[in-house]
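Structural features, examined
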Amino acid sequence: MIMPGYIKYQLISYIRSLTFIPPITLFGAWIIIFYTYSGVPILSSYAVTCISLYLIMTWVAMSVFSLEENGEKDLLIVQLKSKRLYLYGKWFVCFLFAFVMGMSAIVYPLTFSIFKEDIQMLQLGVVIYGHLVSAIFGILLGSFFSIIKKDSKRFAWLSSMFVIAVSLAGEGIAEKLSIFKWILLPFPPITQVIIHFTDDALYGIAMDFWMDAMWIVVYIILAFILTIRLFIKKE
Amino acid sequence: MSVVLEARNVSKDFDGNRLFENISFTCKKKSVLFVQGSNGSGKSTLLKVLAGIYEPTDGKVIRNTNKIGYVPEHFPEGIRFKVKEYLSLTASFHAAEEGKEQLIANYVDLFDLSPFLSMPLEACSKGTKQKVGIIQALLMRPEILLLDEPLTGLDLKSQQTLISVLQEIRGQMPILFTAHDEGLVSQMATDILHISSGKMTSYQPHFKKEKWIRVQFIDEKDLGFIPPNRIQFDGNTALITVDQEKSDELLLKLLQTNCSILEVKEKA
């Protein structure tokens, strides 16, 4: 069980580090600028905020995972009696920030009636799912590279930016060269989320949506297991 | 008495370099293990392996509890809390226990930390940070206490305080500490582990400290009560070897048998 005291410790430490300011400010400003004009399509707008959340959460996760020097981290692991709890607490803090940002991205255009039509319940469900999955991908990516490149922040940033770029361009690359379809399998399947954000007159979800959702769930579970194992082994 | 902590042929590599290998020992509740070795011998890393911070490359560490108190040699830099805030927060990591605040207050008084409670840890002196490091470990009410060079940075008064705290809690949990050489704290040791160049050179469980007493006697028969293997005669003087804990009793007896005490020193 994650101790509330540890969550508080991480939250205070993250806020006092001030490293939250650039990603949060950028995301907030981006949402306001993006929705300057009203009458915009619903799902394609939300697809853009999903990608923004993916990028920003990678940034947030990397900052949260670089909060402590090795000595402080060693002490926390002993105090918490578990490396897993240390990791879960970090992820919890990332999810709190993801929740606030994701909710803002979803609620802001609805509050100011920016879309050209009313949102359907099904669309809202897909939008929440899309933002949740994008945030999880960002958190996984940020934490994964912070862990495996813990001694070199520069390479952690370079590696995660490379993965983000490839995962976003993955669909296009695979269309041109089908061999890449398999090579791109380990990259976060973000395109399999946003591909369903289409502004059709009659929005519906078909079998391919559920197949993609299943693969995404399997991918997330495997990625979490791999990250936990790597963290335990790396320390 | 059951074993609380056991190391079985523990080895650790870093970046392909072997730091230490084949370290084996056992610690029971009443053990006070002194890990002795020079700089770079791997003492601090061994303590981190025992604390569960690092995994051993080879071998096995068996802990019969996960309540471990760990005091690092250098308290970490860059912690973004004030002294009181840090102690309260870290104490709250553990299952809700009554009297945590009282316990903090007691240790704060004991280590004279009251004037620094509102001070950010980053602004504290090395000694103050070291005291905070010791208190955070004790607040866990640990079942194993690991101290890495615990006297580093402490003034004489704080060293005495720490030793008296350790004296008080010894027997309730195994205490393991590292040091370069034998100092104040090493006098408490029941077991000694020597590490040299990454190898365990010796492990002396149930180690007993001994003293040499040189006496001048009138009649050799007066010293007949001392076992022959513990006494060496040289003219009208004798060199007696005695367990440290029995030395006071022996000294009294020697004085009563009209011997003159010439010298008392710890056996190297």
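Please read these numbers as outputs of a predicted model, since none were measured by experiment.

**A word on the overall build of chain B**
Along the backbone of chain B there are six helices and 13 strands. By residue count, 49% of the 268 residues in chain B fall in the buried class. A separation threshold of at least 6 residues defines the contact pool for chain B, and within that pool the share at least 24 residues apart is 68%. Taking the average location of the 32 positive side-chain charges in chain B and that of its 34 negative ones, the two points are 3 Å from each other.

**A few points about the interface of chain A and chain B**
Every contact between the two is made by 24 residues of chain A and, on the other side, 28 residues of chain B. Here chain A meets chain B over a buried area of about 2300 Å², counting both sides, of which 63% is carbon and sulfur. Sorting the residues of chain A by area buried against chain B places Leu 75, Gln 79 and Lys 81 of chain A first, and these three jointly supply 28% of that buried surface. Note that Lys 83 of chain A is salt-bridged to Glu 55 of chain B, the shortest N-O span being 3.1 Å. Our enumeration of links across chain A and chain B arrives at nine residue pairs in polar contact (both at pLDDT 80 or more). When residues in the side of chain A that touches chain B are grouped by element, the largest group, nine residues, is from helix α4 (residues 70–80) of chain A. Among the residues making up the side of chain A that touches chain B, the classes are represented as 11 nonpolar, five polar and eight charged.

**Examining the packing of helix α5 (residues 83–111) of chain A against helix α6 (residues 121–148) of chain A**
All names here are of chain A. Their axes nearest at 10 Å, the elements α5 and α6 cross at an angle of 145 degrees. The crossing of α5 and α6 is right-handed. Residues Leu 87, Trp 91, Cys 94, Phe 95, Ala 98, Gly 102, Ala 105, Ile 106 and Leu 110 of α5 lie in contact with α6, whose contacting residues are Leu 124, Val 127, Ile 128, His 131, Ala 135, Ile 136, Ile 139, Ser 143 and Ile 147. Looking at the contact of α5 with α6, its residues break down into 15 nonpolar, three polar and no charged.

**Focus on the packing of helix α3 (residues 42–65) of chain A against helix α7 (residues 153–176) of chain A**
Residues and elements named next belong to chain A. Interaxial distance between α3 and α7 falls to 11 Å at its minimum, and their mutual angle equals 165 degrees. In this view, α3 runs roughly antiparallel relative to α7, as classed from their interaxial angle. In this structure, α3 meets α7 at a crossing whose hand is right-handed. Counting all contacts with α3, which are made through Ile 51, Tyr 54, Leu 55, Thr 58, Trp 59 and Met 62, the residues of α7 involved are Ala 156, Trp 157, Ser 160, Val 163, Ile 164, Ser 167 and Leu 168. In terms of residue class, the contact of α3 with α7 is built from 10 nonpolar, three polar and no charged.

**Some words on the side chain of Thr 90 of chain B**
One can find Thr 90 of chain B in helix α2 (residues 83–91). Discounting chain neighbours no more than four positions away, the residues touching Thr 90 of chain B are Tyr 9 and Gln 79 of chain A together with Gln 136 of chain B.

**Remarks on the sheet that holds strand β12 (residues 237–243) of chain B**
Residue and element names in this part refer to chain B. Taken in spatial order, the four strands line up as β11-β12-β10-β13 in an open sheet, and their pairing is antiparallel. Either end of the sheet is taken by a strand with one partner, and the two such strands are β11 (231–234) and β13 (260–266). Sheet twist, expressed as the mean angle between neighbouring strand axes with direction ignored, is 20 degrees. Summarising the sheet, strand β10 (residues 210–216) and β12 pair through seven bridges and their orientation is antiparallel. Opposite Ile 213, over in β12, you have Ile 240 as the bridge partner. The sheet strands contacting helix α6 (residues 247–256) are β10, β12 and β13, and the helix crosses β10 at an angle near 10 degrees.

**Overview of a nonpolar patch on the surface**
Residues and elements named next belong to chain A. There is a patch of nonpolar side chains on the surface, built from Phe 99, Val 100, Met 103 and Val 107 and spanning about 370 Å² of accessible area. On the secondary structure map, Val 100 appears in helix α5. On the accessibility criterion, Val 100 (52% relative accessible area) is exposed.

**Some details on the environment of Thr 111 of chain A**
One can find Thr 111 of chain A in helix α5. The exposed category is assigned to Thr 111 of chain A, whose relative accessible area is 53%.

Conventions we followed
- Residues numbered from 1 in each chain as written.
- Chains lettered and ligands numbered in written order.
- Predicted model: local features only at pLDDT ≥ 70, side-chain atom pairs only at ≥ 80, totals over all residues.
- Heavy atoms only, no water.
- Helix = DSSP H or I, 4+ residues; strand = E, 2+ residues; numbered from the N terminus.
- Buried < 20%, exposed > 50% of the residue type's maximum accessible area, 1.4 Å probe, protein only.
- Contact = heavy atoms within 4.5 Å.
- Lys, Arg positive; Asp, Glu negative; His and termini not counted.
- Charge placed at Lys NZ, Arg CZ, Asp CG, Glu CD.
- Buried area = accessible area lost by both parts, 1.4 Å probe.
- Salt bridge = Lys/Arg side-chain N within 4 Å of Asp/Glu carboxyl O.
- Polar contact = N/O pair within 3.5 Å; in protein donor to acceptor, adjacent residues only side chain to side chain.
- Nonpolar A, V, L, I, M, F, W, Y, C, P; charged D, E, K, R; others polar.
- Axes fitted to C-alpha atoms, helices over the stretch in contact; angles between N-to-C directions.
- Left-handed = near helix turned anticlockwise from the far one by under 90°.
- Parallel < 35°, antiparallel > 145°, perpendicular 65-115°, else oblique.
- Pairing = 2+ DSSP bridges.
- Patch = residues over 30% accessible without salt bridge, like charges linked within 9 Å, V, L, I, M, F, W, Y side chains within 5 Å.
- Areas by Shrake-Rupley, 256 points an atom, 1.4 Å probe, with all protein chains shown as cover.

Taken by themselves, the reported measurements are silent on function.
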